[in-house]
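Chain residues, written in single-letter form:
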Amino acid sequence: MIIIDGRQTNLRIENFANLEEILVEANSQCTEEKRIVTDVLLNNEQFTEIYPHQAEDIERAEIRSVEIRSVPLGEMALNISDELFKVTRMMCDGSARIAALFRQGDDQEALELFQDLLDVTRDFMSTVGVLRSEFVEVSDPQFSVLVERVSELLGEMGDVLNSEDWILLADLLEFEFKPVCEAWNKNLETLRADIARSLD
């Protein structure tokens, strides 16, 4: 029995070799309906892959039931846009903390946290870019300015990192990067409003 969003489907377990084949087919149906899969229940238990393509290793004989839950793409995008405000706050707090660590001479911990901050920033930029391409129809000059400024700062901080000038890096984080992170919130409010409008 294969259920998607509480409805029994015409998909039959015996027509698939493993769980991954079922999930690929179910996901394509959800994508057609502009929905995104959020939960998979295998034999009435929550299923999350521990390693890539684990679902491929679960053969048909082990599967009694599969239930898939999804939400509309717009609803998921709205939830993500809400979370992005927390991310900018984390980036602001992180940049201030890393700057303080560099100034205190705690370079090792500062460098580890700086790498985390770079990863979070790249993920943030990527997520905002995807949401804008999906839900925003008009270009926003302010968005382009912010993206360009973040790119410039990442390049500048990379150069300073190579020269190991920790005090200059601290200054860039606190006086340049942190204000840019704060400036994102206004742009995120506009993005959230655009996504909300698309749901009406």
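Preceding block: the structure.
Because the structure is predicted, anything quoted here is derived from the model rather than measured.

Colleague: Please clarify how the sheet that holds strand 5 (residues 66-72) should be interpreted in this entry.
Modeller: Through backbone hydrogen bonds, the strands of a sheet pair up, either in parallel or in antiparallel fashion. In space, the five strands of this open sheet follow the order 2-1-5-3-4, with mixed pairing throughout. Either end of the sheet is taken by a strand with one partner, and the two such strands are strand 2 (7-8) and strand 4 (45-46). Inspection of the sheet shows strand 1 (residues 2-4) paired to strand 2 by two bridges, in the antiparallel sense. Bridge pairing links Ile3 to Gln8 in strand 2. Packed on one face of the sheet, helix 1 (residues 19-32) meets strand 1, strand 3 (35-42) and strand 5 and runs near 150° to strand 3. Lying on the sheet, helix 2 (residues 73-103) is in contact with strand 3 and strand 5; it crosses strand 5 at an angle near 70°.

Colleague: Help me understand the environment of Arg12, please; the structure alone is not making it clear to me.
Modeller: Inspection of the secondary structure assignment puts Arg12 in the loop between strand 2 and helix 1. Polar side-chain contacts of Arg12 include one of 2.8 Å to the side chain of Glu14.

Colleague: Hey, could you run me through the side chain of Asn43 in this one?
Modeller: Here Asn43 shows up in the loop between strand 3 and strand 4. A distance of 2.6 Å separates a polar side-chain atom of Asn43 from the backbone nitrogen of Arg64. Ignoring anything within four residues of it in the chain, the contact list for Asn43 reads Glu62, Ile63, Arg64 and Ser65.

Colleague: Just to check I follow, could you spell out helix 4 (residues 141-163) for this structure?
Modeller: Because each turn of an α-helix spans 3.6 residues, side chains separated by three or four positions in sequence point in the same direction. Compared with an ideal rise of 1.5 Å per residue, which puts 23 residues at 33 Å, helix 4 spans 33 Å between its outermost C-alpha atoms and is within 8% of the ideal. All buried positions along helix 4 are accounted for by Phe143, Leu146, Val150, Leu153, Met157 and Val160. Those residues of helix 4 that are buried are in contact with helix 3 (107-135) and helix 5 (166-199). Phi for Glu164, located one or two positions after helix 4, is positive at around 55°.

Colleague: Would you mind showing me how to read helix 5 here?
Modeller: In this model, helix 5 (34 residues) spans 46 Å end to end at C-alpha, consistent with the 50 Å of a helix rising 1.5 Å per residue. Largest kink in helix 5: about 35°, centred on Phe177, with the proline Pro179 one to four residues after it.

Colleague: How should the pairing of strand 3 be read in this particular structure?
Modeller: The side chains of a regular strand alternate, residue by residue, between the two faces of the sheet. When strand 3 meets strand 5, the two strands line up antiparallel, connected through seven bridges. By the bridge assignment for strand 5, Leu41 is matched with Glu67. Pairing analysis gives two bridges linking strand 3 to strand 4, with the strands arranged antiparallel. Residue Leu41 lies in a different strand from strand 4, and its bridge partner there is Gln46.

Colleague: Hey, could you run me through the pattern of salt bridges in this one?
Modeller: The full count for this structure, using the stated rule, is 13 salt bridges. The shortest N-O distance in the salt bridge between Glu109 and Arg97 comes to 3.1 Å. Residue Glu109 is located in helix 3, and its partner Arg97 is located in helix 2; the two are separated by twelve residues in the primary sequence. Overall, Glu109 belongs to the partly exposed group, its relative accessible area being 30%. Connected via shared salt-bridge partners are Arg103, Asp171 and Glu174.

Reading guide: rules and limits
Residues numbered from 1 in each chain as written. Predicted model: local features only at pLDDT ≥ 70, side-chain atom pairs only at ≥ 80, totals over all residues. Heavy atoms only, no water. Pairing = 2+ DSSP bridges. Helix = DSSP H or I, 4+ residues; strand = E, 2+ residues; numbered from the N terminus. Contact = heavy atoms within 4.5 Å. Axes fitted to C-alpha atoms, helices over the stretch in contact; angles between N-to-C directions. Polar contact = N/O pair within 3.5 Å; in protein donor to acceptor, adjacent residues only side chain to side chain. Expected span 1.5 Å × (residues − 1). Buried < 20%, exposed > 50% of the residue type's maximum accessible area, 1.4 Å probe, protein only. Bend = angle between axes of the 7 residues up to and from the residue. Salt bridge = Lys/Arg side-chain N within 4 Å of Asp/Glu carboxyl O.

Note that all results are geometric; they support no functional claim without further evidence.
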